[in-house]
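# Notes for the structure review
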Amino acid sequence: MKFHTEYVTFTTRREHEYINMTDKVEAAVAASGCREGMVLVSAMHITAGVYVNDAEQGLIDDIEEWLERVAPARPDYRHHRTGETNADSHLKNLLIGHEVILPVTAGKLDLGPWQQVYYAEFDGQRPKRVVLKVMGE
Amino acid sequence: MKFHTEYVTFTTRREHEYINMTDKVEAAVAASGCREGMVLVSAMHITAGVYVNDAEQGLIDDIEEWLERVAPARPDYRHHRTGETNADSHLKNLLIGHEVILPVTAGKLDLGPWQQVYYAEFDGQRPKRVVLKVMGE
Amino acid sequence: MKFHTEYVTFTTRREHEYINMTDKVEAAVAASGCREGMVLVSAMHITAGVYVNDAEQGLIDDIEEWLERVAPARPDYRHHRTGETNADSHLKNLLIGHEVILPVTAGKLDLGPWQQVYYAEFDGQRPKRVVLKVMGE
């Protein structure tokens, strides 16, 4: 049984950013030497997400607007009594999810033709880590 | 270590449809010969979801109405500048999730009494694939 | 290859409750003897969730308020024609998710410094189960 673990660090220029990290996941799968298995891609932060969807900029802008509508930035969250200002980033993380687990088949990431893996930053401009763990044979 | 991979294709008659696929997941677990492990059930499309909940038609109608309220169909999404008309289907996919991973114990899908696995189609009337991968021993 | 399965039962005093269960997940990882692998933490009910976020009470209250705003309790859900009154608990389960899968590295739960595993009860005051399954080596 094989395991391969990598940590990827993103330091975004903007507070919110959407980064296509499919190539990094494919590279981790290749480095693992696994022909069959699964790869976990998981943000190590509670104000960032990982999701699978389309690499189309219009849609990415729609996703950003949708997240803001459903989990809006507001001054009056209770979490802000601690001095924090990012409660909405936590809610966006819960809405989109912090991890995906993807199948590996015949040595490749087994995704549909339009499925791309995205890191979604909701509180950036500082180093944030994502763990990639491949498990298989 | 055992791996078993299946691809299930759904071609729904309606644009939106909710299909109980628990029997297909159970069959994949049985075919795998695994006594212990996990099974990944993952839509290979970015306009469909997979979730676990109740096989009760009233609730399914409530879920459809809720998804439409939180991630509504609208003409003015930016994604539609590409000629597409289904941005809301992408948002519904993100809201409900595109995959679940389920425990296998003593050769069976280890779910609670009311947990059923559903395929949720948000842009149907064409063949769409779901990958089932069992991994274990 | 090693497998370790545990069932944890929560009987909350209130209808809605948020319980930090990180210590129970850490104990399951230790009991498994796995140095490398993954641990699945999955509610066995369709009216409860499992998520990863902060152990800060203000934020937990924000999460409760947000779930109520996006998936509100209402009398008129179709599911209630069956005699049930908890359709919103099902929608909250779908919104926050019923399971997480977490990496195990060097014998430890491989989480970021603020990541805590929560059980979210949306229909409590009775025994509800969560399955923890560790798989690895």
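The following refers to the structure shown. Just so we're clear, the structure is a prediction, and the values are computed from it rather than from any experiment.

## Let's talk about the overall build of chain A
Along its length, chain A carries three helices and eight strands. Across chain A, helices and strands are ordered from the amino to the carboxyl terminus as β-β-α-β-β-α-α-β-β-β-β. For chain A, the C-alpha radius of gyration of 16 Å lies close to 14 Å, the compact-globule estimate for 137 residues. Counting across all 137 residues of chain A, residues that qualify as buried make up 64%. Accessible area for chain A stands at about 5,100 Å²; split by element, carbon and sulfur atoms hold 47% of it.

## Some thoughts on helix 1 (residues 22-32) of chain B
Residues and elements named next belong to chain B. Residues of helix 1 that are buried: T22, V25, A28, V29 and S32. Axial view of helix 1: buried residues confined to an arc of 125°, hence all on one face. In this structure, helix 1 carries D23, A30 and A31 as exposed residues pointing more than 90 degrees from its buried face. G33 lies just past helix 1 and shows a positive phi near 70°.

## Overview of the environment of A:Y118
All names here are of chain A. Along the chain, Y118 turns up in strand 7 (residues 116-121). Relative accessible area serves as the criterion here: at 4%, Y118 is assigned to the buried category. For the pair Y118 and M21, spaced 97 residues apart in sequence, the C-alpha to C-alpha distance is 5.6 Å. Excluding residues within four positions of it along the chain, Y118 makes contact with Y18, I19, N20, M21, G49, V50, Y51, N53, D54, A55 and I60.

## Section: the relation of the copies chain A and chain B
For the pair chain A and chain B, the superposition axis carries a translation of 0.0 Å, the fit reaches an RMSD of 0.0 Å, and the rotation angle comes to 120°. Such a turn and shift between the copies fits a three-fold axis. In terms of C-alpha distance to the rotation axis, chain A has A:L95 as its closest residue, with the C-alpha 3.8 Å off the axis. Little of the interface of chain A is mirrored in chain B, where only 17% of its interface residues are also at the interface.

## A few points about the side chain of B:N86
All names here are of chain B. Looking at where N86 falls in the secondary structure, it is placed in the loop between helix 2 (57-70) and helix 3 (87-96). Of the residues examined, N86 reaches a relative accessible area of 8% and is grouped as buried. Polar side-chain contacts of N86 include one of 2.8 Å to the side chain of D123. Among residues more than four places away in sequence, those in contact with N86 are T47, H79, H80 and D123.

## Focus on the interface of chain A and chain B
In this complex, chain A contributes 35 residues to the contact, which on the side of chain B involves 30 residues. Between chain A and chain B lies a buried interface of about 2,800 Å² when both sides are counted; carbon and sulfur atoms form 63% of it. Broken down residue by residue, the surface that chain A buries against chain B is led by A:M38, A:D62 and A:W66, which jointly contribute 21%. On inspection of chain A and its partner chain B, the count reaches four salt bridges. The partner of B:R78 in a salt bridge is A:E65, with the nearest N and O atoms 2.9 Å apart. Linking chain A to chain B there are 15 residue pairs in polar contact (both at pLDDT 80 or more). Secondary structure elements with two or more residues in the side of chain A that touches chain B: strand 3 (37-43), strand 4 (48-53), helix 2 (57-70), helix 3 (87-96), strand 5 (99-105) and strand 8 (128-136) of chain A. Considering each element in turn, the side of chain A that touches chain B owes the most residues, nine residues, to helix 2 of chain A. When its residues are assigned to classes, the side of chain A that touches chain B shows 19 nonpolar, seven polar and nine charged.

## As for the nonpolar core
Counting 54 residues, the largest nonpolar core has A:W66, B:W66 and C:W66 as the members making the most contacts within it. In terms of nonpolar packing, the next biggest core, distinct from the first, is built from 24 residues, A:F10, A:M21, A:V100 and A:L109 among them.

## What to know about the relation of the copies chain C and chain A
For the match of chain C to chain A, the screw axis carries a shift of 0.0 Å, the RMSD comes to 0.0 Å, and the turn is 120°. An overlap of only 17% is found between the interface residues of chain C and their copies at the interface of chain A, pointing to separate contact surfaces.

## Thoughts on empty space enclosed by the protein
Summed over all chains, the structure comprises two cavities of 30 Å³ or more. Taken as a whole, the largest cavity spans an internal volume of roughly 550 Å³. Along the wall of the largest cavity there are 34 residues; nearest its centre are A:G97, B:I96, B:G97, B:E99 and C:G97. Here the residues of the lining of the largest cavity are counted per class, giving 22 nonpolar, nine polar and three charged.

## Quick notes on the sheet that holds strand 8 of chain A
Residue and element names in this part refer to chain A. The strand order across the open sheet formed by five strands is 1-8-3-5-6, and the pairing between neighbours is antiparallel. Pairing within the sheet leaves two strands with one partner each, and these edge strands are strand 1 (2-10) and strand 6 (108-109). Inspection of the sheet shows strand 3 paired to strand 5 by six bridges, in the antiparallel sense. The partner of M38 across the bridge, within strand 5, is P103. Lying on the sheet, helix 1 (residues 22-32) is in contact with strand 1, strand 3, strand 5, strand 6 and strand 8; it crosses strand 1 at an angle near 150°.

## Brief notes about the packing of helix 2 (residues 57-70) of chain C against helix 3 (residues 87-96) of chain C
Residue and element names in this part refer to chain C. For the pair helix 2 and helix 3, interaxial distance at closest approach is 10 Å and the crossing angle is 115°. Here helix 2 lies roughly perpendicular to helix 3, going by the angle between them. Note that helix 2 runs across helix 3; the crossing there is right-handed. Packed against helix 2, whose contacting residues are I63, W66, L67, E68 and V70, the element helix 3 presents D88, K92, L95 and I96 at the interface. For the contact of helix 2 with helix 3, the residue count by class is six nonpolar, no polar and three charged.

What counts, and where the lines are drawn
- Residue positions are given per chain, counting from 1 as you read along its sequence in written order.
- For naming, the first written chain is A and the first written ligand is 1, with later ones following in the order written.
- Side-chain atom pairs in this predicted model are given and counted only at pLDDT of 80 or more, local residue features only at pLDDT of at least 70, and totals for whole chains, interfaces and linings cover all residues.
- Hydrogen atoms and water are omitted, and side-chain values are computed over all heavy atoms in the structure.
- Strands are runs of DSSP state E lasting at least 2 residues, helices are runs of H or I lasting at least 4, and numbering of each runs from the N terminus.
- Atoms considered for the radius of gyration are the C-alpha atoms alone. The globule rule reads 2.2 Å times the number of residues to the power 0.38.
- Categorising residues by exposure relies on relative accessible area from a 1.4 Å probe, with only protein chains included: less than 20% of the type maximum marks a residue as buried, more than 50% marks it as exposed, and the intermediate range marks it as partly exposed.
- Methods summary: accessible areas were calculated by the Shrake-Rupley approach with a probe of 1.4 Å, and residue burial reflects only the protein chains presented.
- The directions considered for the arc are those from the helix axis to the C-beta atoms.
- By definition in these notes, contact holds between two residues if any of their heavy atoms fall within 4.5 Å.
- All copies are superposed by least squares; the fitting set is the C-alpha atoms of residues with a pLDDT of at least 70 in both.
- Any N or O atom pair separated by 3.5 Å or less is treated as a polar contact, with the protein-specific requirement of one donor-capable and one acceptor-capable atom, and with residues adjacent in sequence counted only for side-chain atom pairs.
- The term buried area denotes the loss of accessible surface (1.4 Å probe radius) that occurs when two parts are joined, taken as the sum for both partners.
- We count a salt bridge whenever a side-chain nitrogen from Lys or Arg sits within 4 Å of a carboxyl oxygen from Asp or Glu.
- Gly is placed with the polar residues, together with every amino acid not listed as nonpolar (Ala, Val, Leu, Ile, Met, Phe, Trp, Tyr, Cys and Pro) or charged (Asp, Glu, Lys and Arg).
- To form a nonpolar core, buried Ala, Val, Leu, Ile, Met, Phe, Trp, Tyr and Cys residues must be joined to one another through side-chain atoms within 4.5 Å.
- A cavity here means a set of points on a 1 Å grid, drawn over the protein atoms and nothing else, where a 1.4 Å probe fits but cannot get out; a pocket is an open set with protein on both sides within 12 Å along at least five of seven lines, and a residue lines either one if it has an atom within 4 Å of a point.
- Grid points are joined across faces, edges and corners, and a volume is the space filled by probe spheres set on the points.
- Any two strands are treated as partners once DSSP identifies two or more bridges connecting them.
- Axis lines are fitted to C-alpha atoms, over the contacting stretch for helices. Their N-to-C directions set the angle, which ranges from 0 to 180 degrees.
- Any angle that is under 35 degrees is reported as roughly parallel, and any over 145 degrees as roughly antiparallel; angles of 65 to 115 degrees are reported as roughly perpendicular and all others as oblique.
- A clockwise turn of the near helix away from the far one marks a right-handed crossing, whereas an anticlockwise turn of less than a right angle marks a left-handed crossing.

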